[in-house]
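What the coordinates show
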Amino acid sequence: MTVDTQQQGGERVHWLPMVAAISSISVVGIAIGLGMPLLSVILESRGHSASMIGLNTAVAGLASIAGAPLATPLAMRLGVAWTMLLMIAIGALAFVGFHFAPDFWMWFPLRVALHISLTVLFILSEFWISTSAPPNRRGLVLGIYATVLSLGFAAGPWLFAHLGSSGFLPFGVTIALVTLAAIPVLAARNESPTIVADSETSHFLRYVWLVPTATFAVLVFGAVETGGFSLFPIYGSRIGYSEADAALLLTMIGLGNVLLQIPIGMISDRVSDRRYLLLACATVGLIGTVFMPFFAQNWHLMAALLFVWGGVVAAMYTIGLAHLGSQLSGHELASANAAFVLCYGVGMVIGPQAIGIGMDAFGPSGFGWSLALFFAAYMLLVLVRLVRKII
């Protein structure tokens, strides 16, 4: 797969299409940041266990895995911008559908539709950004990209804390924001890149193993982000926080993401081997999860911990994507990007289930220890790759 562009690798950033791509990813941030805790709280209020909530959330990961191969054929047939607009519409309809679905089984196809659309948005927005960002400013541009995504994560829990989980209001506000985010995509539709097929397009799965330090970074991030966001309100309630206080702690994670992505992205542009930064981020993630139980009784200490922890852990996505871009180019990078998002989906499957089972088996402390296992496993992978001096 290749992306046609007039200035691939040039010095100038194409800001209009980049704004369009970034606006689409803001939809993902808001949908996850508000939707994950909102839907989990609604399910718990209906009497479902943490394991069942985790199971329903894990379907999102399966949908992402299924959606990754669909992005390129849809974009080739409809165009990048029109495919993104279609996915925004499908995602909005699926999200509002949760409000009108009375039975638990109905939430599974809705999760599938929502997260297939979000996955395609992820892939195509990153394709679009790749045509706007010069290689020597990739870290900066991806930092901006991740910051806007993090703003969505921060805004989602903040909205949840103020809107609550009852009634149509939180769903209606989300639909309004999604509609606004679609406007720049529509405005820049004539500047969207053209994706054309080549002989290697169908073999994108091999890129999962070609640069595993990058792809497994996003797998861990997907597991921690999805599992953590969806089950943190449950964890918070079980250790004594109110619904609003737990939601505000999620906002602190989002604020850390917002403030740290651009500086970390700029640092990654000056580091010759980004794997060391990825290892450092995973180490911070591990230490943070170990200290969570000790900080849990003090809201302010917990907020400070989650601010740093959330920002550094989210950088695993930014740095992993930048590392991928530094190792591959052209159609290989485009195919690897689909594999990258696929691994994010795998993490979305594993994370909620592992954390939900951990909490059911070990109580509230199972939340932190389950997260710690992901970071420890990734640290081992990176250390082995560094010792063996392979990418």
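Residues numbered from 1 in each chain as written. Predicted model: local features only at pLDDT ≥ 70, side-chain atom pairs only at ≥ 80, totals over all residues. Heavy atoms only, no water.

A look at the domain arrangement of the protein chain
When cut into domains, the protein chain gives domain 1 (13–193) and domain 2 (202–390). Taking only C-alpha atoms, the centre of domain 1 and the centre of domain 2 are 18 Å apart. The partner domain 2 presents 47 residues to the 48 residues of domain 1 that form the contact. Of the roughly 3,900 Å² buried between domain 1 and domain 2, counting both surfaces, carbon and sulfur atoms make up 73%. Scanning the region where domain 1 abuts domain 2 turns up zero salt bridges. At the boundary of domain 1 and domain 2, one finds one residue pair in polar contact (both at pLDDT 80 or more). Contributions of two or more residues to the side of domain 1 that touches domain 2 are made by helix 1 (15–45), helix 2 (50–67), helix 5 (107–132) and helix 6 (138–163). Along the lines of polarity and charge, the residues of the side of domain 1 that touches domain 2 split into 28 nonpolar, 16 polar and four charged. (Domains from an automatic or database assignment. Contact = heavy atoms within 4.5 Å. Buried area = accessible area lost by both parts, 1.4 Å probe. Salt bridge = Lys/Arg side-chain N within 4 Å of Asp/Glu carboxyl O. Polar contact = N/O pair within 3.5 Å; in protein donor to acceptor, adjacent residues only side chain to side chain. Helix = DSSP H or I, 4+ residues; strand = E, 2+ residues; numbered from the N terminus. Nonpolar A, V, L, I, M, F, W, Y, C, P; charged D, E, K, R; others polar.)

Things to note about helix 1
When the terminal C-alpha atoms of helix 1 are compared, their 44 Å separation across 31 residues agrees well with the 45 Å that a helix rising 1.5 Å per residue should span. The axis of helix 1 is deflected most strongly, by about 30°, at Gly35, and proline Pro37 appears within four residues downstream. The buried count for helix 1 comes to 26 of 31 residues, which makes it a mostly enclosed element. Gly47, located one to two residues past helix 1, shows a positive phi value of around 95°. (Expected span 1.5 Å × (residues − 1). Bend = angle between axes of the 7 residues up to and from the residue. Buried < 20%, exposed > 50% of the residue type's maximum accessible area, 1.4 Å probe, protein only.)

Points about the packing of aromatic side chains
Evaluated as defined, the whole model comprises 17 aromatic pairs. Ring centres of Phe100 and Phe168 lie 6.1 Å apart, and the angle between their planes is 45°; this geometry places the pair in the tilted category. A residue pair is termed long-range when its members are at least 10 positions apart, and Phe100 in helix 4 (residues 80–100) and Phe168 in the loop between helix 6 and helix 7 (169–187) qualify at 68 residues. Ring-pair connections join several aromatic residues into one group, and the members of that group are Phe122, Phe221, Tyr317, Phe340 and Tyr344. (Phe/Tyr/Trp six-rings, centres within 6.5 Å; stacked < 30°, edge-to-face > 60°.)

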